[in-house]
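Structure assessment
Here are the chains, one letter per residue:
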Amino acid sequence: KQSKRAGDAKTLAVILRSGVMMFQGNSTATEAMLDAASILILEEACEATDEEDWVSSQYLSSCNEFEVSNYLFAFALAKRFDKEVFIRLTDQMTEDYILESCSPSSASRAMWSCSMLLSLDEASGISCNKQNEISLISGESFLHERRGDLFHQL
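Figured I'd write up the structure that's included with this text. (Residues numbered from 1 in each chain as written. Predicted model: local features only at pLDDT ≥ 70, side-chain atom pairs only at ≥ 80, totals over all residues. Heavy atoms only, no water.)

1. Thoughts on the packing of aromatic side chains
Here the distance between the centres and the angle between the planes together describe a pair of aromatic rings. The condition that has to hold: Side-chain rings of Phe, Tyr and Trp (the six-membered ring for Trp) are treated as a pair once their centres are within 6.5 Å; stacked means planes under 30 degrees apart, edge-to-face means over 60, and tilted covers the remaining angles. Helix and strand definitions follow DSSP, with helices as H or I runs of at least four residues and strands as E runs of at least two, each counted in order from the N terminus. Relative accessibility decides the category of a residue: with a 1.4 Å probe and only protein chains considered, values under 20% of the type maximum give buried, values over 50% give exposed, and everything between is partly exposed.
Counted under the stated rule, the structure contains 2 aromatic pairs. With a centroid separation of 5.6 Å and an interplanar angle of 50°, the aromatic rings of F73 and W112 are classed as tilted. Of this pair, F73 sits in helix 4 (residues 65–77) while W112 sits in helix 7 (residues 104–124), and the two are 39 residues apart along the sequence. Between F81 and F86 the ring centres are 5.6 Å apart and the planes differ by 45°, which places this aromatic pair in the tilted class. Since its relative accessible area comes to 21%, F81 is described here as partly exposed. By relative accessible area, F86 is classed as buried at 2%.

Printed below as a string of structure tokens:
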């Protein structure tokens with residue numbers, strides 16, 4: 001069952017995309033929209049930790065390839081990298097029903113967005129000591145592998 005606070009997935013995708021295009025840079029409006037989207041993307045995942053087979057939020061499972069790729073696009077355009085949101089969205093893009101219906105436009109939007117988000121993470125992830133460097137390198141490798149996997153599946 002979809003969250004009671006969740007609206008239509010397509011409406012949210014259009015609002016996010018339009019919002020980050022209208023309010024470029026560090027905008028209170030953009031931050032509020034992305035915060036709300038993050039809650040929807042991550043909400044059910046936190047509530048369902050007791051179910052082993054549960055991978056993605058119920059809200060995301062109601063989304064199609066256009067919507068998920070636009071969520072990625074909005075975060076990339078706003079230059080806001082959130083590792084948990086990134087993982088949830090890329091997991092959803094590799095679901096069978098998404099891959100079967102994915103248009104070239106949605107695939108290219110998702111790939112561009114993933115590359116942009118990972119470049120932002122790399123730019124902000126400058127480590128100050130050796131211990132952090134090791135975990136940073138393994139974390140970056142994991143995220144880049146996810147992008148490569150998404151590329152091959154799309």
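2. Some points on the nonpolar core
The condition is simple: By convention a nonpolar core is built from buried Ala, Val, Leu, Ile, Met, Phe, Trp, Tyr and Cys residues, the set being connected through side-chain atoms within 4.5 Å. By definition, residues are in contact when any of their heavy atoms lie within 4.5 Å.
One finds L16, Y71, L72, F75 and L89 to be the most contacted residues of the largest nonpolar core, which totals 31 residues. Those elements that place two or more of their residues in this core are helix 1 (9–22), helix 2 (28–47), helix 3 (58–61), helix 4, helix 5 (83–93) and helix 7. Apart from the residues lying within four places of it in its own chain, the contact partners of L16 are M33, L34, A37, Y71 and A74.

3. Some words on the pattern of salt bridges
Keep this limit in mind: In what follows, salt bridge is the name for a side-chain nitrogen of Lys or Arg lying within 4 Å of a carboxyl oxygen of Asp or Glu.
Taken as a whole, this structure holds 2 salt bridges when the rule is applied. A salt bridge links D35 to R80; the nearest nitrogen and oxygen atoms lie 2.6 Å apart. Taken together, the residues span a long stretch of sequence, with D35 in helix 2 and R80 in the loop between helix 4 and helix 5 at a distance of 45 residues. Residue classification places D35 among the partly exposed residues on the basis of a relative accessible area of 37%. Classification of R80 by relative accessible area gives buried; the value is 16%. One network of salt bridges, in which partners are shared, links E31, D35 and R80.

4. With respect to the environment of L60
Note on placement: L60 falls in helix 3. Take L60: its relative accessible area is 0%, and that puts it in the buried class. Not counting chain neighbours up to four residues away, the residues in contact with L60 comprise I41, Y71, R88, L89, Q92 and Y97.

5. A short note on the packing of helix 1 against helix 4
What describes two packed helices is the angle between their axes and the distance between those same axes. To keep it simple, the criterion reads: Lines fitted to C-alpha atoms define the axes, with helix axes restricted to the stretch in contact, and inter-axis angles between N-to-C directions lie between 0 and 180 degrees. If an angle is under 35 degrees, it is roughly parallel; if it is over 145, roughly antiparallel; if it lies from 65 to 115, roughly perpendicular; otherwise it is oblique. In this scheme the handedness of a crossing depends on how the near helix is turned from the far one: anticlockwise by less than a right angle means left-handed, clockwise means right-handed. The classification used treats Ala, Val, Leu, Ile, Met, Phe, Trp, Tyr, Cys and Pro as nonpolar, Asp, Glu, Lys and Arg as charged, and all other residues, Gly among them, as polar.
One can describe the packing of helix 1 onto helix 4 by two numbers: an axis separation of 9 Å at closest approach and a directional angle of 25°. Relative to helix 4, the element helix 1 lies roughly parallel. As helix 1 packs across helix 4, the resulting crossing turns out to be left-handed. Residues A9, K10, L12, A13, L16, R17, V20 and M21 of helix 1 lie in contact with helix 4, whose contacting residues are F66, E67, N70, Y71, F73, A74 and L77. Looking at the contact of helix 1 with helix 4 residue by residue, the class counts come to 11 nonpolar, 1 polar and 3 charged.

In short, geometric facts, not functional conclusions.
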